[in-house]
Amino acid sequence: MSAREQLEKNQVWLYAIILLIAAGAGLIWPQASGYLDRSISLVLAILMFGMFAQIPFLRLKESLTNRQFIYALLIMNYIAVPLIVWGLTRFLPADPALLLGVFLVLLTPCIDYVIVFTHLGRGDEKLILVATPLLFVSQMILLPFYLWVFMGNQTAEVVSVQPFLEAFLGLIAVPLLLALLTQLWAKRQPRGIVFLDAAAWLPVPFMALTLFVVVASQISKLYESIDYISQAIPVYVAYMIIVPLVARFVARIFRLDVGAGRALIFSSGTRNSLVVLPFALALPEPLNGLASAVIVTQTIVELVGELIYIRVVPGILLRDRH
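Residues numbered from 1 in each chain as written. Predicted model: local features only at pLDDT ≥ 70, side-chain atom pairs only at ≥ 80, totals over all residues. Heavy atoms only, no water.

Caption draft 1: Up close: the nonpolar core. The biggest cluster of nonpolar side chains holds 115 residues, and the ones touching the most others in it are Phe-52, Phe-69, Leu-104, Phe-136, Tyr-239 and Leu-264. When neighbours within four sequence positions are excluded, Phe-136 is seen to be in contact with Phe-52, Phe-57, Ile-111, Ile-172, Leu-176 and Val-275. (Core = buried A, V, L, I, M, F, W, Y, C linked by side-chain atoms within 4.5 Å. Buried < 20%, exposed > 50% of the residue type's maximum accessible area, 1.4 Å probe, protein only. Contact = heavy atoms within 4.5 Å.)

Here it is in structure tokens:
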């Protein structure tokens, strides 16, 4: 196993340690949050480039070959999950920042470390890997539609188009374009392959750095608004309990094999907190701080949940067939 593969295998524990350090640093030195806030965009942009560079966009056609899995994946993430999220959020107060944070993070399937969690949970991570381009494109298209359906006119009242557009261009479109150019370069020249291989080292350390910067800068807001933020925690916990059961049912309907079924569970349960964080940060004050804290809270709950998933999914929910 290479050093990079070893790093990727142990990234969950690295993130857990970083979260603890970041929380401590943010609470001890709350005055540093202003400096950290200003670095979030740069760190996120580099992370996005590193993540996008590893997504096999040039193999998009290949992702469509296992049609049963793709059908199940799309139905879970864009029909079942929105219905579950809608049902769970009926128990939340009608607060724009709280609802927007929950909707942003729960309606978007993860496209990065879900691959590692799927592998650790003995699922078919290759299916998730080749499906990432489809998941990324589809969630960017469907997210505005779901926000409009769930929040209606409230979305227009709290979401300003210009900051959202700037966040999309600077933190998603530009890193995505650079990643695509890097992949095309790697396809044509050996130097491009070397650069792409070097970029493969970026996601884990920059994910850790992003978590540190975000949590350290937002933890004081989270601490001050703990009564407010904690309202979302039961929704996140309930989501992580309900979704695997529904995904297992869908996997049986589509007669997926064990590896594909586990991959479906992990894709459905793992959310895209860091990709939607730029949208939360683009909200006007004080909504951006509250929505960001709601999203960061989901990341913390999810990391704990994933450590349970990697045991429960292969051990209880979908055991190997003998």
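Caption draft 2: Looking closely at empty space enclosed by the protein. Summed over the entire model, instances satisfying the criterion amount to 1 cavity of 30 Å³ or more. As a volume, the largest cavity reaches approximately 50 Å³. For the largest cavity, the full set of lining residues is Leu-211, Val-214, Val-215, Ser-273, Leu-274, Leu-277, Ile-295, Val-296 and Thr-299. (1 Å grid on protein atoms, 1.4 Å probe; cavity = no way out; pocket = protein on both sides within 12 Å on 5 of 7 lines; lining within 4 Å. Points joined across faces, edges and corners; volume = space filled by probe spheres on them.)

Caption draft 3: Region of the structure containing unusual backbone geometry. One non-glycine residue, Arg-122, lies in the positive phi region at around 55°. Tracing the chain through its elements places Arg-122 in the loop between helix 7 (114-120) and helix 8 (125-151). Of note in this structure, Arg-255 is not a glycine but carries a positive phi near 55°. (Helix = DSSP H or I, 4+ residues; strand = E, 2+ residues; numbered from the N terminus.)

Caption draft 4: Structural view of the environment of Leu-14. In this structure, Leu-14 sits in helix 2 (residues 11-28). Taking the C-alpha atoms as reference points, Leu-14 and Met-207, separated by 193 residues in sequence, lie 9.9 Å from one another. Setting aside anything within four residues of it in sequence, one finds Leu-14 in contact with Leu-7, Val-204 and Ala-208.

Caption draft 5: Spotlight on the layout of surface pockets. In this structure, the largest pocket occupies an estimated 970 Å³ of space. Only helix 1 (3-9), helix 2, helix 3 (33-54), helix 7, helix 8, helix 11 (190-199) and helix 12 (203-224) provide two or more residues apiece to the lining of the largest pocket. Within the lining of the largest pocket, the residues separate by chemical class into 18 nonpolar, 6 polar and 9 charged. (Nonpolar A, V, L, I, M, F, W, Y, C, P; charged D, E, K, R; others polar.)

Caption draft 6: Structural detail: a nonpolar patch on the surface. A cluster of nonpolar side chains, namely Val-174, Leu-177, Leu-178, Leu-181 and Leu-184, defines an oily patch on the protein surface of about 430 Å² accessible area. Residue position: Leu-177 is located in helix 10 (residues 161-188). (Patch = residues over 30% accessible without salt bridge, like charges linked within 9 Å, V, L, I, M, F, W, Y side chains within 5 Å. Areas by Shrake-Rupley, 256 points an atom, 1.4 Å probe, with all protein chains shown as cover. Salt bridge = Lys/Arg side-chain N within 4 Å of Asp/Glu carboxyl O.)

Caption draft 7: The packing of aromatic side chains, seen in detail. Per the stated rule, a full pass over the model turns up 8 aromatic pairs. Taking 6.5 Å as the distance between ring centres and 40° as the angle between the ring planes, the aromatic pair formed by Phe-145 and Trp-148 counts as tilted. Taken together, the positions of Phe-145 and Trp-148, both in helix 8 and 3 residues apart, correspond to about one turn of that helix. Residues Phe-266 and Tyr-309 carry aromatic rings whose centres are separated by 5.9 Å and whose planes lie at 80° to one another, so their mutual orientation is edge-to-face. Placement of Phe-266 in helix 15 (residues 258-269) and of Tyr-309 in helix 17 (residues 287-317) is noted, with a sequence separation of 43 residues between them. Across the pair, Tyr-309 and Phe-266 agree in class, each one buried. (Phe/Tyr/Trp six-rings, centres within 6.5 Å; stacked < 30°, edge-to-face > 60°.)

Caption draft 8: Main features of the environment of Leu-98. With respect to the element layout, Leu-98 can be found in helix 6 (residues 96-106). Owing to a relative accessible area of 0%, Leu-98 belongs among the buried residues under this scheme. Sequence spacing of Leu-98 and Leu-287 is 189 residues, and the spatial spacing of their C-alpha atoms is 8.6 Å. Those residues in contact with Leu-98, other than ones at most four positions away along the chain, are Leu-92, Pro-93, Tyr-228, Gln-231, Ala-232 and Val-294.

Caption draft 9: Structural view of the side chain of Arg-262. Counting through the fold element by element, Arg-262 comes out in helix 15. Owing to a relative accessible area of 2%, Arg-262 belongs among the buried residues under this scheme. With sequence-adjacent residues up to four places away left out, Arg-262 is seen in contact with Gly-121, Arg-122, Gly-123, Val-313, Pro-314, Leu-318, Arg-319 and Asp-320.

Caption draft 10: Here's a closer look at helix 14 (residues 233-253). Taking 1.5 Å as the rise per residue, helix 14 with 21 residues should run 30 Å; its terminal C-alpha atoms sit 31 Å apart, in good agreement. Listing the buried residues of helix 14 in full gives Val-235, Tyr-236, Tyr-239, Met-240, Val-243, Pro-244, Ala-247, Val-250 and Ala-251. In this structure, the buried side of helix 14 is in contact with helix 5 (67-89), helix 6, helix 15 and helix 17. Phi turns positive, to about 55°, at Arg-255, one or two residues after helix 14. (Expected span 1.5 Å × (residues − 1).)

Caption draft 11: Structural context of the side chain of Gln-183. Within the secondary structure layout, Gln-183 lies in helix 10. Residue class for Gln-183 comes out buried when judged on its relative accessible area of 7%. From its side chain, Gln-183 meets the backbone oxygen of Phe-52 in a polar contact 3.3 Å long. (Polar contact = N/O pair within 3.5 Å; in protein donor to acceptor, adjacent residues only side chain to side chain.)

Caption draft 12: Inspection of the packing of helix 6 against helix 8 at higher detail. Contact geometry for helix 6 and helix 8: axes closest at 11 Å, N-to-C directions at 140°. Between helix 6 and helix 8, the crossing angle belongs to the class labelled oblique. Where helix 6 crosses over helix 8, the handedness of that crossing is right-handed. Counted together, Pro-96, Leu-99, Leu-100, Phe-103 and Leu-104 of helix 6 and Leu-143, Leu-147, Phe-150 and Met-151 of helix 8 form the full contact between these two elements. Classifying every residue of the contact of helix 6 with helix 8 gives 9 nonpolar, no polar and no charged. (Axes fitted to C-alpha atoms, helices over the stretch in contact; angles between N-to-C directions. Parallel < 35°, antiparallel > 145°, perpendicular 65-115°, else oblique. Left-handed = near helix turned anticlockwise from the far one by under 90°.)

Caption draft 13: Spatial organisation of helix 6. With 10 of 11 residues buried, helix 6 lies mostly within the body of the structure. Residues Ala-97, Leu-98, Leu-99, Leu-100, Gly-101, Val-102, Phe-103, Leu-104, Val-105 and Leu-106 constitute the buried set of helix 6. You can read the cap of helix 6 off the contacts: a side-chain oxygen lies 3.1 Å from the backbone nitrogen of Ala-97, and it is on Asp-95.

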